[in-house]
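Here is what each chain is made of, one letter per residue.
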Amino acid sequence: MEPRASCLLFLLLLGTSGFFQSYAVEVDVKDASNATCLYAKWMMRFLIKYETNSSDYKNTTLHLSSSVTHNGSVCGNDTQAALLAVQFGEGHSWSINFTKTNETYQGDFITFTYNTNDTAVFPDAKRKGPVTIVVKDIMHPVQLNNVFVCHNTDFVEAENVTQIFWNVTVQAFVQNGTISKKESRCRADTPTSAPTVPPTIANVTTASTTTLSPAPTTAPKPVENPDTGNYSLKSGNKTCLLATVGLQLNVSRDKPLLININPKTTSADGTCGNTTATLKLNDGNSTLISFTFVVKNASASVQKFYLKEVNVTLLNRLNGSVISNADNNNFSKWDAYLGSSYMCRKEQTLEINEDFQVHTFNLWIQPFLVKANKFSTAQECSLDDDSILIPIVVGAALAGLIAIIVVAYIIGRRKSYAGYQTL
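Residues numbered from 1 in each chain as written. Predicted model: local features only at pLDDT ≥ 70, side-chain atom pairs only at ≥ 80, totals over all residues. Heavy atoms only, no water.

Draft legend 1. Representation of the overall build of the protein. Of the regular secondary structure elements, the protein holds 1 helix and 28 strands. Total accessible area on the protein stands at roughly 22000 Å², and carbon and sulfur atoms take up 53% of it. (Helix = DSSP H or I, 4+ residues; strand = E, 2+ residues; numbered from the N terminus. Areas by Shrake-Rupley, 256 points an atom, 1.4 Å probe, with all protein chains shown as cover.)

Here it is as C-alpha cells:
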C-alpha cells in the first residue's frame, strides 16, 4: 500500500540584522482510501560543524530549501512503524519514525543526512558525500487520537550537528482520517516553563559608546547578578549529572548586551556517558547553551574531568531562527578528580570568541559518577580558596615575633656590654 502525501511550503521572513529565510513544511500522508493517516507541520534548521581541507573546523547552518519532497513516508499500523520523511536541497534528507502501543504513540528515531557535496553550504569540505546521523528521539509518549503541539524551540544535538525545531504539530496513526482537536503540549509550552510573552531576560543593559566594536569587558554590569539555577540529568532512573549555576551572557555586537539566564524559564537536557557528558540549557526559546565535559587520562589510575566545550546559540523568539551561534571546544577548565564535584562561588568568565562571553556565578558541577542524587566532595577553585591566607598570616606573625626577639636580644646584649665597660 503506497501512501500519498501533499506538501505545503511557505516563506517567512525574519527581520533582525538581515533577512533569514525559514520554510515551514506541512505533510499530509494518506492511506489507500485517501484518508489522512499521518499529519505533521513544523519548522526546522540545522547547525553543523565540519572539517575543511585545511584541517580546521567551520560552523554552517543548513536551512530547508523552497523545494521539499516527501518520498517514503508511511502510514504505519499495529505491526509497522509510521515514517515521516522529507528530502530537500542538494541531497539532504530528514525522517522520524513513530511506534505505538495500545494507548500511546511516540517518536522513536530521527535520521538526518546532509551532503557535503553541497558547496554552497559546505565550502571547502574535506569529507565529500552524504553523512548520516541517527539519534533516538526525545519525544515523550502521546495519547492516541491526540495531536502533539510544541511552539517553543526544541533541539537535538549529536555528532557535531544540532537539529533545531519549532512550531511543531504532529499526529501519527490518525484515526478515521480526522486530525484530533485534543492537544498534548510539550513541557516548554507550559506557562511555568515558557511564557507566551517574550522571554524573561533579567537586567538587560545596553551602553552607548563611540567605539564601533567594543570589547565585551567594557560592557556595564547589571545591578544584580543572575539567579542561581539547579539542573540535573538522568540516565534511566538514576541522576547522572548535577549542576548549580547562575549564568550571564555578555554579547558584543553593535552594542554591548548583558543577558541573565532565568532559571525559571530554563529547561535542561543532554547526555551522560563514561567519558563524555553534555548539559544543554534552553532559556525560554531564546538562548541555547551547552557545556561538554570529558575525562582526561581515561586509562590512568587517577582520573580527572574538565570542561572542554561551550556552545551558545541565540534564537529569534518569534520563529526560532538562529540569530547568532558561537562555539569554543578548546577549554581546559573546571577540572576535578573523577568522582568528586567542582565548585567556584566567585564569578568566572568563559571566553567563547571575541563577541561572546559566558559569566558563571555560584557554580557547583558534577558531570560524572553522581551518587544518591547528591554532590560529592567539592574541589574548590583558586578564587574561592581563602585557606592560603592562613599560613601567610601565621608565617608573617611568626616572622614578626622572631624579629622582635632578635632585636630585643641585640639590645639586651648591647646594654650588658655597656655595663661591663663601665666597671
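Draft legend 2. Geometry of the state of the cysteines. Under the defined criterion, the tally for this structure stands at 4 disulfides. The disulfide bridge from Cys37 ends at Cys75, spanning 1.9 Å between sulfur atoms. Measuring the twist about the S-S bond at about -65°, one finds the Cys37-Cys75 disulfide to be left-handed. With a gap of 38 residues between them, Cys37 in strand 3 (residues 36-51) and Cys75 in the loop between strand 5 (68-69) and strand 6 (82-88) connect regions that are remote in the sequence. Residues Cys37 and Cys75 agree in their burial class; the two are buried. Disulfide partner of Cys150: Cys186, at an S-S distance of 2.1 Å. Residues Cys150 and Cys186 share a disulfide whose torsion about the S-S bond is about 75°; that sign makes it right-handed. Placement of the pair is Cys150 in strand 11 (residues 147-150) and Cys186 in the loop between strand 14 (183-185) and strand 15 (202-206), with a sequence separation of 36 residues. Cys186 matches Cys150 in its accessibility class, with the two residues each being buried. (Disulfide = S-S within 2.5 Å. Buried < 20%, exposed > 50% of the residue type's maximum accessible area, 1.4 Å probe, protein only.)

Draft legend 3. Expanded view of the environment of Phe375. For Phe375, the position within the fold is in the loop between strand 27 (356-366) and strand 28 (378-380). Its relative accessible area of 23% is what places Phe375 among the partly exposed residues. Each C-alpha atom of the pair Phe375 and Trp364 lies 8.4 Å from the other, and the pair is 11 residues apart in sequence. Other than its neighbours up to four places away in sequence, Phe375 contacts Leu242, Ala243, Thr244, Ser341, Trp364, Ile365 and Gln366. (Contact = heavy atoms within 4.5 Å.)

Draft legend 4. Focus on the nonpolar core. Ranked by size, the top nonpolar core spans 47 residues in total, and within it Trp42, Trp94 and Phe98 carry the most contacts. It is strand 3 that contributes the most residues to this core, 8 residues altogether. Once residues within four sequence positions are removed from consideration, Trp94 is found in contact with Trp42, Met44, Phe46, Leu84, Ala85, Val86, Phe88, Ile110, Thr111, Phe112, Gln163 and Phe165. With 37 residues, the next largest nonpolar core counts Tyr231, Cys240, Leu247 and Phe291 among its residues. (Core = buried A, V, L, I, M, F, W, Y, C linked by side-chain atoms within 4.5 Å.)

Draft legend 5. Just the side chain of Thr116, in detail. The topology assignment puts Thr116 in the loop between strand 8 (104-115) and strand 9 (130-136). A polar side-chain atom of Thr116 sits 3.0 Å from the main-chain amide nitrogen of Gly129. With sequence-adjacent residues up to four places away left out, Thr116 is seen in contact with Phe122, Ala125, Arg127, Lys128, Gly129 and Val131. (Polar contact = N/O pair within 3.5 Å; in protein donor to acceptor, adjacent residues only side chain to side chain.)

Draft legend 6. Structural context of the environment of Val174. Mapped onto the fold, Val174 is located in the loop between strand 13 (161-172) and strand 14. With 138 residues separating them in the primary sequence, Val174 and Thr36 have C-alpha atoms 6.6 Å apart. Excluding residues that lie within four positions of it along the chain, Val174 makes contacts with Thr36, Cys37, Leu38, Tyr39 and Ile179.

Draft legend 7. The arrangement of the packing of aromatic side chains in detail. Under the criterion given, the structure shown has 13 aromatic pairs. With 5.3 Å between their ring centres and 85° between their planes, Tyr50 and Phe122 make a pair best called edge-to-face. Linking Tyr50 in strand 3 with Phe122 in the loop between strand 8 and strand 9, this pair joins segments that are 72 residues apart in sequence. Note on Tyr114 and Phe122: the rings are 5.4 Å apart at their centroids and 25° apart in plane angle, and the pair reads as stacked. (Phe/Tyr/Trp six-rings, centres within 6.5 Å; stacked < 30°, edge-to-face > 60°.)

Draft legend 8. Representation of the side chain of Ser95 within the structure. On the secondary structure map, Ser95 appears in strand 7 (residues 92-100). In this structure Ser95 comes out as buried when scored by relative accessible area, which is 15%. Excluding its chain neighbours within four sequence positions, the residues that come into contact with Ser95 are Leu83, Leu84, Ala85, Phe109, Ile110 and Thr111.

Draft legend 9. Spotlight on a nonpolar patch on the surface. Together, Ile402, Val406 and Ile410 give the surface a local cluster of nonpolar side chains, amounting to about 250 Å² of exposed area. Along the chain, the position of Ile410 falls in helix 1 (residues 389-422). For Ile410, a relative accessible area of 38% puts it in the partly exposed group. (Patch = residues over 30% accessible without salt bridge, like charges linked within 9 Å, V, L, I, M, F, W, Y side chains within 5 Å. Salt bridge = Lys/Arg side-chain N within 4 Å of Asp/Glu carboxyl O.)

Draft legend 10. Structural context of the pattern of salt bridges. Inspection of every chain in the model, using the stated rule, returns 8 salt bridges. A salt bridge links Asp28 to Lys30; the nearest nitrogen and oxygen atoms lie 3.3 Å apart. In this structure Asp28 comes out as buried when scored by relative accessible area, which is 15%. One salt bridge connects Lys304 with Asp335, and the closest N-O pair in it is separated by 3.2 Å. Within this pair, whereas Lys304 is found in strand 22 (residues 304-315), its partner Asp335 is found in strand 24 (residues 333-337), the two being separated by 31 residues in sequence. Here Lys304 falls in the partly exposed class, since its relative accessible area comes to 21%.

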